[in-house]
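# Structural description and commentary
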Amino acid sequence: LATGTVSELLLANAVVESEVQASILPTAGGVVMSIHRDEGDTVKKGDLLAVLDNVSLDANAERARTELQRLEQQVNRTAELYERGVVSRRELEDLEHQLNTARTSDREASSTFEETRLLAPFDGVVAARDIRVGEYAGASTVAFQVVDLTVLRVVASLPERDLSKVRTGQTAKLISAYDDGVWTTGVVNRIAPVVDSGSGTFRVTLGLAPEQQVLRPGQFVSVELEVERREEVAVVPRRAVVYEDGRAVIYRMVQA
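Small disclaimer: the values here were computed from a predicted structure and weren't measured. (Residues numbered from 1 in each chain as written. Predicted model: local features only at pLDDT ≥ 70, side-chain atom pairs only at ≥ 80, totals over all residues. Heavy atoms only, no water.)

Burial analysis of strand β10 (residues 152–159) places six of its eight residues in the buried class, which makes it a mostly covered element. As defined by bridge partners, strand β1 (residues 2–18) adjoins β10 across three bridges and the pair is classed as antiparallel. If you follow Val 16 over to β10, its bridge partner there is Val 154. Relative to strand β13 (residues 201–208), β10 is paired through seven bridges, and the arrangement is antiparallel. Bridged to Ser 157 within β13 is Arg 203. (Buried < 20%, exposed > 50% of the residue type's maximum accessible area, 1.4 Å probe, protein only. Helix = DSSP H or I, 4+ residues; strand = E, 2+ residues; numbered from the N terminus. Pairing = 2+ DSSP bridges.)

Pairing of β1 with strand β14 (residues 220–235), which is carried by 13 bridges, proceeds in the antiparallel orientation. Across the sheet, the residue bridging to Ser 7 is Arg 229, located in β14.

Per the counting criterion, the structure on display carries twelve salt bridges. Residue Asp 38 is joined to Arg 129 by a salt bridge in which the shortest nitrogen-to-oxygen separation is 2.9 Å. Note that Asp 38 is positioned in the loop between β3 (30–35) and β4 (42–43) and Arg 129 in strand β7 (residues 124–129), a separation of 91 residues in sequence. One continuous salt-bridge network, built from bridges that share partners, spans Glu 17, Glu 19, Arg 153 and Arg 190. (Salt bridge = Lys/Arg side-chain N within 4 Å of Asp/Glu carboxyl O.)

Okay, the sheet that holds β7 next. Spatial ordering of the open sheet is given by β2-β9-β7-β4, a layout of four strands whose pairing is antiparallel. With one partner strand each, in any of the chains shown, β2 (21–24) and β4 form the two edges of the open sheet. Of the pairings in the sheet, the one linking β4 to β7 comprises two bridges and is antiparallel in character. Residue pairing for β7: Val 43 is matched across the bridge by Gly 124.

So, on to the sheet that holds β13. As summarised here, the arrangement of the six strands in space is β1-β10-β13-β12-β11-β14, forming a closed barrel in which the pairing is antiparallel. Neighbouring strand axes in the sheet, compared pairwise and without regard to direction, differ in orientation by 45° on average. (Axes fitted to C-alpha atoms, helices over the stretch in contact; angles between N-to-C directions.)

This brings us to the environment of Thr 171. Considering the arrangement of structural elements, one finds Thr 171 in strand β11 (residues 171–176). Assessed through its relative accessible area of 44%, Thr 171 is described here as partly exposed. Expressed as a C-alpha distance, the spacing of Thr 171 and Gly 85, which sit 86 residues apart in the sequence, is 83 Å. Contacts of Thr 171, omitting those with residues within four sequence positions, involve Gly 186, Val 187, Glu 224, Leu 225 and Glu 226. (Contact = heavy atoms within 4.5 Å.)

Okay, here's the thing in structure tokens:
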């Protein structure tokens, strides 16, 4: 018998994931012309990842640009003729209306043309590249996966009976499922307001420190969430505790 500290732990298994991650799919399909970032590369928001070639979009953009240039020239010439009284105000207004329509079409075609350029949606790291130069990438093709390694989380499912024990701000130990020596700490950031009726569990989201380099997205971890700690209490070795009819019992040897 001695004096020590006792903690109550809630245990769970979970997977490390990023709070900010995205799968990049082409809005418009096309043949991959060039790749500018690869797995493991650090990217900034707006960085070019790859360029696709779509003949139809290219042609539409060229036609819209040509039509806009033609109408701009025609409006300029008609404005000069109007100043000299050769054409009516109605003819000039009709051409100006056509020019405004052509400008709208050119903006739409240019915007659609940009869909062949795959860009990084935020600062992060390229986690995966699933396209190659020369192959066709359709609208349902996941071309890249980008993650932000500075905002990692673990979402654990805990039994409903422990709902009253969990509070935001509590700390947990996150241990690699394959190496007990690899671990870091997390903090309870969010607690789900509902209980899953199917599993009888509720979700707890733990945030990892941004500077930690121990765990990566996709790793399986064991979660040890400390919900209560008592210090300076009487303790005995775990091996001294036996169970009889579901009750913990300790025997004390008495000298006769």
